[in-house]
Amino acid sequence: MIKKLRNLKLTPALILRLLVGLVVLIYLGWRIYQTAFGEGVYGPDTWMRFLITGLVVGGMYALIAIGYTLVYGILFMINFAHGEVMMLGTFAGYFVLEAFSAIPAPSAADPSLSFLNAYPVIALVLTFIAGAGTSALVGFLLEKIAYRPLRGAPRLVPLISAIGASIFLQNAAQLLFGPQRRQYANPDILWRGTGWMIPVGGKEVMLTYTGVFSFVLSILLMVGLFIMVKKTKLGKSMRAVAENKQAAALMGIDVDSVISKTFIISGILAGSAGVMWGIHNGLFNHYVGFLPGIKAFTAAVLGGIGNIPGAMMGGMLLGLFESLGPALLGLDFQLKDVIAFTILILVLIFKPSGLLGEALSEEKV
């Protein structure tokens, strides 16, 4: 670090960037101090609500961001259709829950009981399998149809293909399912607006069942992915292909198969996040993947795109920034999206490799 600072050449552009960064930091520090200690607008209970919301949403961002970073690590391209992969998982989960809520499973105590509430654990497991499976299939087909034929093309070509695939999937979902908003039919054990009450600062804060469920499941999926990448044969193959495709092929690794499996894994994580999004937030339509997809891309860039722990950390941080940021900066909460995209701009200007990003070799750049 000290060696890097010594070798740093102070060009006019660098000086300007440092000055802008210093001004931004001073402003942020002043606003945070004013809000936290001066104005006293929000009590401890409100801050706790913001923190809980940030962690829950951040977990979902992290799952989607991992998809971006996995694909970038293998192919060095940004899969801008990844948000739509998540959206189709959300729809799949919705239709499965609707089907289970329509299947009668009467009991002596409740003749109107549905399968969804009679067997909620089975229903939820099958819902996640359907959502993750649909997104995995879409991711697999995307790689086969839209990206593999362009493998040797200049980088801009698959990028345009990804944007086209995103628009196609969004419009296809609108035509197939309609433009209206739909609402997830949660089982009673995960009913939205219910949860545990915890005392904070003399007031009660609700820890929703859907929030805890989504957060815990996000962490479990991230841990599972990390172990898979580090310990399994497939994970080692993925790392080898990411490092050098030609060398991996010479070592007997089926590069095409590894790339396909990477898209499937990315789809599974995105589809799971999509079902969590529906269960926690309720309302959704065919645009549900757009903003979370762009924000997850921001999270991947923040953490260091191509770095899996970086994507996890970036997703969590972005969720917290988005939830706590408007209150800390004294902004309207409708401007939370502005904060997310401002972070993207600042990271690209001041640290393009992200917080945990590694310096790319010349071959990868």
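Residues numbered from 1 in each chain as written. Predicted model: local features only at pLDDT ≥ 70, side-chain atom pairs only at ≥ 80, totals over all residues. Heavy atoms only, no water.

K.L.:
Outline the overall build of the protein chain, listing residues and values.
P.N.:
Within the protein chain one finds 14 helices and 4 strands. Computed over C-alpha atoms, the radius of gyration of the protein chain comes to 22 Å, within 12% of the 21 Å expected from 2.2 N^0.38 for 365 residues, which places it in the range of a compact globule. Projected onto the principal axes, the alpha-carbon positions of the protein chain cover approximately 80 × 60 × 40 Å. Residues classed as buried in the protein chain amount to 45% of the 365 residues present. Taking contacts inside the protein chain between residues at least 6 apart in sequence as the whole, the part at least 24 apart equals 75%. Total accessible area on the protein chain stands at roughly 18,400 Å², and carbon and sulfur atoms take up 70% of it. Charge centroids of the protein chain, computed over 26 positive and 17 negative side chains, lie 10 Å from each other. (Helix = DSSP H or I, 4+ residues; strand = E, 2+ residues; numbered from the N terminus. Rg over C-alpha atoms; globule rule 2.2 N^0.38 Å. Buried < 20%, exposed > 50% of the residue type's maximum accessible area, 1.4 Å probe, protein only. Contact = heavy atoms within 4.5 Å. Areas by Shrake-Rupley, 256 points an atom, 1.4 Å probe, with all protein chains shown as cover. Lys, Arg positive; Asp, Glu negative; His and termini not counted. Charge placed at Lys NZ, Arg CZ, Asp CG, Glu CD.)

K.L.:
Could you give me a rundown of the packing of aromatic side chains, with the residues and numbers involved?
P.N.:
One pair of aromatic rings is described through two measures. These are the centre distance and the angle between the planes. Counting across every chain of the model gives 19 aromatic pairs. On the numbers, 5.7 Å between centres and 40 degrees between planes, the contact of Y147 with F263 is tilted. Taken together, the residues Y147 in helix α6 (residues 120–147) and F263 in helix α11 (residues 255–281) connect sequence positions 116 residues apart. Judged on exposure class, the residue Y147 and its partner F263 are both buried. (Phe/Tyr/Trp six-rings, centres within 6.5 Å; stacked < 30°, edge-to-face > 60°.)

K.L.:
Would you mind going over a nonpolar patch on the surface in detail, with residue names and values included?
P.N.:
Together, Y119, V121, I122, V125, L126 and I129 make up an exposed nonpolar region whose accessible area comes to about 560 Å². With respect to the helices and strands, the residue I122 is situated in helix α6. (Patch = residues over 30% accessible without salt bridge, like charges linked within 9 Å, V, L, I, M, F, W, Y side chains within 5 Å. Salt bridge = Lys/Arg side-chain N within 4 Å of Asp/Glu carboxyl O.)

K.L.:
Any chance you could break down unusual backbone geometry for me, citing the residues and the numbers?
P.N.:
Phi at F76 is positive, roughly 55 degrees, even though this residue is not glycine. Inspection of the secondary structure puts F76 in the loop between α3 (44–75) and α4 (82–102). Classification of F76 as buried rests on a relative accessible area of 18%.

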